[in-house]
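# Structural description and commentary
Chain by chain, the residues run as shown.
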Amino acid sequence: MNFIKFLLITFLYLAPVDIILAVEPDEVLTDLKLESRARDISANVRCVVCQNEPIDTSNSGVARDLRILIRERLLAGDSNKEVYKYLVDRYGNFILFKPPLTLSTAFLWFMPLLVFFLGVVILVGVLKKASPSNKSRFSNVSNDTKFSDSLENKKGKK
Amino acid sequence: MRRFVFLVPLALSLIIGTFSVWGLLNDRNPSEVPSALINRSIPKFNLSPLPGLRTPGFSRDNLLNLKKVSVINFFASWCLPCRAEHQSLIELSQNNEIVLAGINYKDINKDALDWLTELGNPYTYVGDDFSGRTGIDWGITGVPETFIVNRDGKVVHRFSGPLVGVKFKEFKELLTLELR
């Protein structure tokens, strides 16, 4: 009985987490396709007041205005690209969570590749350096067999 | 070449360290949203006057036809920092070389009228932006926000937050540069 109570209380606490969305009922479009596009866009648009929150979940006034605006643009027949452009024209690239590839963000975008190639270069260097001594140590087949022989001997003894 | 490999960690820590110190010491504000309007022509808008106020409303064309440096100030009666900067705006309004225009952002008409009666009306134009759409066209993030527009109708500076103290001093310096 107590366990059921515990479960009930736990679910009561957890349940609203999924339901709480800043998108208010009066904003939702009747056209489900457009609405889902609007949701996709607003998840990628930064709230300019709360900054680390997308406007999709933000409760600020400007976020609500932008959500309504996005839906208006979609109803007017804008493509997703055009909607993003509309927002960037007014708020700059800052409003996008995913920064576009420009001269100033090139470093950001190519950094992982750069680090990867640096890693490859270092790895190749290390392996090359290690290979001559590798040969002298391990390419000696007789040594190798002796080692495995001794292992088998040990197993046999047990 | 090989002899200098031991310098690599030192160089790396110097580079990272320099960025860290820059991040800590510089008086930059990382959360300040850079305005997308800087060095661009003022956005299209057309605002009606506040009902009951003699001051006319204004549009983009009004500002372009002025051929004067203009200061566009977003304000609202519900905005406390706006009250703080109002004295600065009164001071600006005494300068005949500039045109000070106000955009009343998401405000109730009567409250805005009371505000201007109580504190004085420094504006040559006051536009009513009840919907906040003109605010979005200017890319504002809140009120107060103030823009300096040069004689060619280009937005040259944006200040967010109240124009008081050091900020107002900086504002006036930049404004003087535009007036030269």
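Rules used in this analysis
- Residues numbered from 1 in each chain as written.
- Chains lettered and ligands numbered in written order.
- Predicted model: local features only at pLDDT ≥ 70, side-chain atom pairs only at ≥ 80, totals over all residues.
- Heavy atoms only, no water.
- Helix = DSSP H or I, 4+ residues; strand = E, 2+ residues; numbered from the N terminus.
- Polar contact = N/O pair within 3.5 Å; in protein donor to acceptor, adjacent residues only side chain to side chain.
- Contact = heavy atoms within 4.5 Å.
- Patch = residues over 30% accessible without salt bridge, like charges linked within 9 Å, V, L, I, M, F, W, Y side chains within 5 Å.
- Areas by Shrake-Rupley, 256 points an atom, 1.4 Å probe, with all protein chains shown as cover.
- Salt bridge = Lys/Arg side-chain N within 4 Å of Asp/Glu carboxyl O.
- Buried < 20%, exposed > 50% of the residue type's maximum accessible area, 1.4 Å probe, protein only.
- Buried area = accessible area lost by both parts, 1.4 Å probe.
- pLDDT = per-residue confidence, 0-100.
- Axes fitted to C-alpha atoms, helices over the stretch in contact; angles between N-to-C directions.
- Parallel < 35°, antiparallel > 145°, perpendicular 65-115°, else oblique.
- Left-handed = near helix turned anticlockwise from the far one by under 90°.
- Nonpolar A, V, L, I, M, F, W, Y, C, P; charged D, E, K, R; others polar.
- Phe/Tyr/Trp six-rings, centres within 6.5 Å; stacked < 30°, edge-to-face > 60°.
- Lys NZ or Arg CZ within 6 Å of the ring centre and 35° of its normal.
- Expected span 1.5 Å × (residues − 1).
- Arc of directions from axis to C-beta.

It is worth spelling out the side chain of A:E27 at this point. All names here are of chain A. Position of E27 among the secondary structure elements: in the loop between α1 (2–19) and α2 (32–43). Among the polar contacts made by the side chain of E27, one reaches the side chain of R67 at a distance of 2.7 Å. Each residue touching E27, except ones within four places of it in the same chain, is listed here: E35, R64, R67, I68 and R71.

Residues and elements named next belong to chain A. Where nonpolar side chains cluster on the molecular surface, the patch consists of L101, L108, W109, F110, L113, F116, F117, V120 and V124 and spans about 880 Å² of accessible area. Checked against the element boundaries, F110 lands in helix α5 (residues 106–138). The class of F110 is partly exposed, set by a relative accessible area of 43%.

A word on the interface of chain A and chain B. Quoted interface sizes are often the accessible area lost when the parts come together. Each partner contributes residues to the interface: chain A has 17 residues there, and chain B has 16 residues. Summing both sides of the interface, chain A and chain B together bury roughly 1,300 Å²; the carbon and sulfur share of this comes to 50%. Area buried by chain A at its contact with chain B is led by A:D65, A:R90 and A:Y91, which between them contribute 41% of it. Summed over the shared surface of chain A and chain B, the number is three salt bridges.

Take the side chain of B:S70 next. Residue and element names in this part refer to chain B. Here S70 shows up in strand β3 (residues 69–75). For S70, a relative accessible area of 0% corresponds to the buried category. Residue contacts for S70: discarding those within four places in its chain leaves L63, V99, F147, I148 and V149.

What follows is about the confidence of the model for chain A. On average, residues of chain A score 81 in pLDDT, and 77% of them are at 70 or above. When pLDDT is averaged over each helix and strand of chain A, the minimum, 55, is found for helix α6 (residues 141–157) of chain A and the maximum, 94, for helix α4 (residues 80–91) of chain A.

For the rest of this paragraph, the subject is the packing of helix α3 (residues 80–93) of chain B against helix α6 (residues 165–179) of chain B. All names here are of chain B. Contact geometry for α3 and α6: axes closest at 12 Å, N-to-C directions at 25°. In terms of axis orientation, α3 runs roughly parallel to α6. The chirality of how α3 crosses α6 is right-handed. Contacts between α3 and α6 involve S88, E91 and L92 from the former and F168, F171, K172 and L175 from the latter. Grouping the constituent residues of the contact of α3 with α6 by class yields four nonpolar, one polar and two charged.

On inspection of all chains with the given rule, the structure shows twelve aromatic pairs over all chains. A centroid spacing of 5.6 Å and a plane angle of 70° characterise the contact between A:F116 and A:F117, whose relative ring orientation is edge-to-face. Consider the rings of B:W78 and B:Y105, whose centres lie 6.5 Å apart with planes at 50°: the pair is tilted. With B:W78 in the loop between β3 and α3 and B:Y105 in strand β4 (residues 98–105), this residue pair connects regions lying 27 residues apart in the sequence. Grouping aromatic residues by their ring pairs yields a cluster made of B:F45, B:F58, B:F74, B:W78, B:Y105, B:Y125, B:W138 and B:F147. A cation over an aromatic ring shows up here: A:R46 above the ring of A:F94, its NZ or CZ 4.7 Å from the ring centre.

This part covers α6(B). Residue and element names in this part refer to chain B. With 15 residues, α6 ought to run about 21 Å at 1.5 Å a step, and its terminal C-alpha atoms sit 21 Å apart, in line with that. Listing the buried residues of α6 in full gives F168, F171, L175, E178 and L179. All buried residues of α6 project into a common sector of 90° when viewed along the axis, lining one side. Opposite its buried face, α6 presents the exposed residues V166 and K169, each directed more than 90 degrees away. In this structure, the buried residues of α6 make contact with β3, α3, β4, β6 (145–149) and β7 (155–160).

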